[in-house]
Amino acid sequence: MILSSLTFHEARTRLKSNGLYFKTGPFTIHFNTHIENITKNFYKLYSENQIFEQEVFSDFHIKIDLPNNFRRWVRPQVFFYLDNEIPFKPLPFNQAYPMLEWGMNWCIANHSHQYLIIHAAVLEKNNKAIILPAEPGSGKSTLAAILTLNGWRLLSDELALISLKDLSAIPLSRPINLKNDSIDIIKSMSETCIFSDVYDDTNKGSVALLKTSNESVSRADEVAIPCFIIKPKYINESKASLARVSPGKMFMHVAENSFNYSVLGKEGFEVLSNLIDLCGCFDFIYGNNTEAVNIMNSLVANN
Amino acid sequence: MSEYWEAVAGFEVLRKTWGSESAIYHTGSGDTQLLDELGIAILNLVQAQRLETEEIREHILRKHKVELEGDSLARLLAELNRSGVITRVQTP
């Protein structure tokens, strides 16, 4: 059963009462909220995700709600609860929906040490997965969105989950977090793509979430084998260039962009070493969508 | 008083080498570093025996024909020291 098999009214009622149990990638999340804007955007962006009729074991019990004090009414704030605890500071009410996405990222990154977790997008085509590890603002999510709109399967936008057992990339296909100029760049590419509202004045600037492809969600159980690790950089109108990077330098880049490399200790070092051995490593500068798609397509077609 | 460098005992230093570069991981501090061939040669020397800075410089010159100029050796040793791989020992 998927979320869109409930009416909006049914979904809202569940979210307000006992909560809704839904699956994203390998995780089951129990989610509860009274906030209309979250319900509206969640229903739109997670419509293809599996939900459960009954109470099931959940990896995370999440609630986002207004406080029971004056900040409910005066410059209202929203609080994120994990297991009824508040792990971080509240955000302004108008950032409630991004808080759900960022909060889920936080839960997964801080608790799921059965994976090596990298701040990276992961996409797959022709049974070959590319990992795009990068700092915020590098154009990682923009490239992930461009490729998703051009037939690639999205495994992840923010959190690459790498199996410690066999190095496979585990799908965690959730909405793509676009910021500032990239929102209009992606909106101009397709009239049919589905976006959340745009949330201005967050600490990342303006933020909007792009619904991922139905295929990416429906194939959530199909892992992919990483073949390339590519460090992307968007430079407006720049000519695209794909240049090999030494494995050692990419190792350090991935380690620096991992959430739990140091938590995993020796195992993290060994898994990351093996992942680097498995993959070709590249720097990729791009400034034109079509050119970027062509280069990525030919990379997975030729190698 | 003499000052020597020696490997920190009791911890493993894992290595992974790709061509001329090696990533090392110190199981004590949890630090990771990327070393070139010279960095690995220096680490090997200090892991094999306790040495003074000048002895390391001489070994590198003799074995690798590389003259380590200025404070480049001191910087590398300090970096390995910071990550807990080697330590400075003073003897009377």
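The structure this text deals with has already been given above.
Residues numbered from 1 in each chain as written. Chains lettered and ligands numbered in written order. Predicted model: local features only at pLDDT ≥ 70, side-chain atom pairs only at ≥ 80, totals over all residues. Heavy atoms only, no water.

A.B. asks: Could you give me a rundown of the packing of aromatic side chains, with the residues and numbers involved?
C.D. replies: Enumeration according to the criterion identifies 18 aromatic pairs over all chains in this entry. Their ring planes at 70 degrees and their centres at 5.6 Å tell us that Phe22 of chain A and Tyr46 of chain A sit as a pair that is edge-to-face. On the criterion of sequence distance, the pair formed by Phe22 of chain A in strand E1 (residues 20-24) and Tyr46 of chain A in the loop between helix H2 (36-45) and strand E3 (51-52) is long-range, its members being 24 residues apart. Accessibility expressed as a relative area gives 1% for Phe22 of chain A, which makes it buried. For the pair Phe251 of chain A and Tyr261 of chain A, a centre-to-centre distance of 6.2 Å together with 90 degrees between the ring planes defines the contact as edge-to-face. In this pair, Phe251 of chain A sits in helix H7 (residues 247-256) while Tyr261 of chain A sits in helix H8 (residues 261-264), placing the two residues 10 residues apart along the sequence. Ring pairs connect the aromatic residues Phe251, Tyr261 and Phe269 of chain A together with Trp18 and Tyr25 of chain B, which therefore count as one cluster. (Phe/Tyr/Trp six-rings, centres within 6.5 Å; stacked < 30°, edge-to-face > 60°. Helix = DSSP H or I, 4+ residues; strand = E, 2+ residues; numbered from the N terminus. Buried < 20%, exposed > 50% of the residue type's maximum accessible area, 1.4 Å probe, protein only.)

A.B. asks: I'd like to hear about the sheet that holds strand E14 (residues 205-210) of chain A, residue by residue, with values.
C.D. replies: Think of a sheet as strands paired side by side through backbone hydrogen bonds, with each pair either parallel or antiparallel. Residues and elements named next belong to chain A. The strand order across the open sheet formed by three strands is E12-E14-E13, and the pairing between neighbours is antiparallel. Edge positions in the open sheet fall to strand E12 (176-179) and strand E13 (199-202), since each of these has one partner strand only. The mean inter-strand angle of the sheet, taken between neighbouring strand axes irrespective of direction, is 35 degrees. With two bridges joining them, E13 and E14 adopt antiparallel strand pairing. Paired with Thr202 across the strands is Gly205, a residue of E14. (Pairing = 2+ DSSP bridges. Axes fitted to C-alpha atoms, helices over the stretch in contact; angles between N-to-C directions.)

A.B. asks: Outline the pattern of salt bridges, supporting the account with residue identities and numerical values.
C.D. replies: Residue and element names in this part refer to chain A. Scanning the entire structure with this criterion turns up 20 salt bridges over all chains. As a salt-bridge pair, Glu124 and Arg219 come within 3.8 Å of each other at their nearest N and O atoms. With Glu124 in strand E7 (residues 115-125) and Arg219 in the loop between helix H6 (214-218) and strand E15 (226-234), this pair connects stretches of sequence that are 95 residues apart. Residue classification places Glu124 among the buried positions, given a relative accessible area of 6%. Taken together, the shared-partner salt bridges in this structure form one network comprising Glu124, Arg153, Glu215, Arg219 and Glu222. (Salt bridge = Lys/Arg side-chain N within 4 Å of Asp/Glu carboxyl O.)

A.B. asks: Report on the interface of chain A and chain B, specifying residues and quantitative values.
C.D. replies: Counting residues at the interface gives 14 residues for chain A and 13 residues for chain B. Roughly 1200 Å² of surface becomes buried between chain A and chain B when both sides are summed, with 69% attributable to carbon and sulfur atoms. Looking at the side of chain A facing chain B, the largest losses of area belong to Met252, Lys266 and Phe269 of chain A, adding up to 43% of the total buried there. Seen at the junction of chain A and chain B, the total is three salt bridges. (Contact = heavy atoms within 4.5 Å. Buried area = accessible area lost by both parts, 1.4 Å probe.)

A.B. asks: Now, about unusual backbone geometry: what can you tell me, with residues and values included?
C.D. replies: At Asn126 of chain A, a position not held by glycine, the phi torsion is positive, near 55 degrees. One can find Asn126 of chain A in the loop between E7 and strand E8 (128-133). Phi is positive for Lys65 of chain B, which is not a glycine, with a value near 55 degrees. With relative accessibility at 67%, the residue Lys65 of chain B sits in the exposed group.

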